[in-house]
Amino acid sequence: MTSPLAIQLMRFAFLVLLWLFVWGMVRVIRGELQSSGARQVQSVPKARRARKAVPDSRPSRNGVSQLVVTEGSLAGTHVALTGKPILVGRANDSTLVLTDDYASTRHARISETNGVWYLEDLGSTNGTYVGQSKVDRPVPLEAGVAIRIGRTVMELR
């Protein structure tokens, strides 16, 4: 039979291990929250930078001709604004395919109406933001205003 002292030591060891686990989880979650809030430009391999604006892109009435990814794993990517809607998400058939864990399969759509580009969230889980505002209906876009989907930031130019 095990002595009462041994049982008490095992209880104490289990409690220490439990607290170490909780402490480790808090550190991981805190690190994730800090890294998602800090906007750092990441280095992108040259192969990913190969997607540049199509030469036949035409500026719309508000003077923008391309969508440029400024932060995230696809930083430096350019998508020409040709008048056709741009689908953004993790789906392989999206115009801009994101490898961001915080992006939905069909996350958002950027489309043109009467020379004005609009951003529409397509019911994403984590939301779409223009500047600091969460998008809950189609909103008009202006050149240079940040569009954030997860860790990916882009803007019209």
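Calculation rules
- Residues numbered from 1 in each chain as written.
- Predicted model: local features only at pLDDT ≥ 70, side-chain atom pairs only at ≥ 80, totals over all residues.
- Heavy atoms only, no water.
- Helix = DSSP H or I, 4+ residues; strand = E, 2+ residues; numbered from the N terminus.
- Polar contact = N/O pair within 3.5 Å; in protein donor to acceptor, adjacent residues only side chain to side chain.
- Contact = heavy atoms within 4.5 Å.
- Buried < 20%, exposed > 50% of the residue type's maximum accessible area, 1.4 Å probe, protein only.
- Pairing = 2+ DSSP bridges.

Here we come to the side chain of Gln-66. For Gln-66, the position within the fold is in strand S1 (residues 66-71). At 3.0 Å, the side chain of Gln-66 and the side chain of His-78 are in polar contact.

The next thing to look at is the environment of Pro-85. Structurally, Pro-85 can be placed in the loop between strand S2 (78-80) and strand S3 (86-89). When the C-alpha atoms of Pro-85 and Ser-111 are compared, they prove to be 4.3 Å apart, with 26 residues separating the residues in sequence. When residues no more than four places from it in sequence are discounted, the contact partners of Pro-85 are Thr-95, Arg-109, Ile-110 and Ser-111.

In this section: the pairing of S3. Both faces of S3 are covered, namely the face carrying Ile-86 and Val-88 and the face carrying Leu-87 and Gly-89. Pairing analysis gives three bridges linking S3 to strand S5 (residues 108-113), with the strands arranged antiparallel. Paired with Ile-86 across the strands is Ile-110, a residue of S5. Pairing of S3 with strand S4 (residues 96-97) involves two bridges; the strand directions are parallel. From the neighbouring strand, Gly-89 faces S4, where its bridge partner is Val-97.

The next subject is the sheet that holds S5. Remark on secondary structure: sheet strands pair via backbone hydrogen bonds, oriented parallel or antiparallel. The five strands lie next to each other as S4-S3-S5-S6-S9, forming an open sheet whose pairing is mixed. Two strands in the sheet have a free side with no partner beyond their single neighbour: S4 and strand S9 (139-140). As defined by bridge partners, strand S6 (residues 116-121) adjoins S9 across two bridges and the pair is classed as antiparallel. Along S9, the bridge assignment pairs Leu-119 with Val-139.

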